[in-house]
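This is what each chain is made of:
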Amino acid sequence: MPDRPPLEYTVHAERRDAHGSVAHCKDATLTIDTDLAGCADAFNPAELLLAALAACMLKGIERVVPMLHFSLRDVRVQLHAVRQDAPPRLASIRYEIVVDTDEPEQRLALLHVNVQKYGTVFNTVAPGTDLQGTLTRA
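Report follows, based on the coordinates. Values in this document were obtained by computation on a predicted structure and should not be read as measured data.

The biggest cluster of nonpolar side chains holds 24 residues, and the ones touching the most others in it are Met57, Leu79, Ile93, Ile97, Val99 and Leu111. The dominant element in this core, judged by the number of residues it contributes, is helix H1 (residues 45–68), at 9 residues. Excluding residues within four positions of it along the chain, valine 99 makes contact with Phe70, Leu72, Asp74, Val75, Leu108, Leu111, Leu135, Thr136, Arg137 and Ala138.

Dropping the structure here:
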């Protein structure tokens, strides 16, 4: 099978004013919190990273569900991060993936392995962060 070219991603972001910025990708626009005082109606950079990680987990599940013939009704992801000050970084991220399914425990474990093994954002974040979590039944 011939090698396929690598996927590439492009996002453009710009400052609106001292209170916020906006990011663009494809046909989507996302308001982002870049206000030093914080902004309640937008994601700050750390929250964007957590949202990207949650999206990666959810997309990974969507990708493997048909391959594994895995039956589910719903999936929820909860993430919590702890920031350290020096140097500033997310020191740890804890997650809980809750799947509404009748599949047996061993199939839930297989789904979790797939989330961890094949997630682009997951595998980007994991080496530099204490990233741990569970995948459980609803």
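Within the structure shown, the criterion is met by 1 aromatic pair. Where tyrosine 95 meets phenylalanine 122, the ring centres are 6.0 Å apart and the plane angle is 80°; that geometry is what we call edge-to-face. Taken together, the residues tyrosine 95 in strand E5 (residues 89–100) and phenylalanine 122 in helix H3 (residues 120–125) connect sequence positions 27 residues apart.

A word on the sheet that holds strand E1 (residues 12–17). Hydrogen bonds along the backbone pair up the strands of a sheet, which may run parallel or antiparallel. Across the sheet, 3 strands lie side by side as E1-E2-E3; this open sheet has antiparallel pairing. Edge strands, defined here as strands with exactly one partner in the open sheet, are E1 and strand E3 (28–32). Across the sheet, the mean angle separating the axes of adjacent strands is 25° when strand polarity is ignored. Here E1 runs beside strand E2 (residues 20–25); their pairing, made up of 5 bridges, is antiparallel. Of the residues in E2, the one forming a bridge with glutamate 14 is valine 22.

Reading the values: the criteria
- Position numbers for residues count from 1 along each chain, tracking the sequence in the order it is written.
- The predicted nature of this model means local features are confined to residues of pLDDT at least 70 and side-chain atom pairs, given and counted, to a pLDDT of 80 or more, with totals for whole chains, interfaces and linings taken over all residues.
- In computing side-chain values, all of the structure's heavy atoms are included and hydrogens and water are not.
- Working definition of a nonpolar core: buried Ala, Val, Leu, Ile, Met, Phe, Trp, Tyr and Cys residues. They are joined through side-chain atoms within 4.5 Å.
- Here the term buried applies to any residue with accessible area under 20% of the maximum for its type, exposed to any over 50%, and partly exposed to those in between, with areas from a 1.4 Å probe on protein chains only.
- Only DSSP runs of H or I with at least four residues qualify as helices, and only runs of E with at least two residues qualify as strands; both kinds are numbered from the N terminus onward.
- Only heavy atoms matter for contacts: two residues are in contact if any of them lie within 4.5 Å across the pair.
- Each Phe, Tyr or Trp ring (for Trp, its six-membered ring) is paired with any other whose centre lies within 6.5 Å, and the angle between the two planes then decides the class: stacked below 30 degrees, edge-to-face above 60, tilted in between.
- Pairing between strands is defined by DSSP: at least two bridges between them are needed.
- Comment: axis = line fitted to C-alpha atoms, over the contacting stretch for helices; angle = value between 0 and 180 degrees taken between N-to-C directions.

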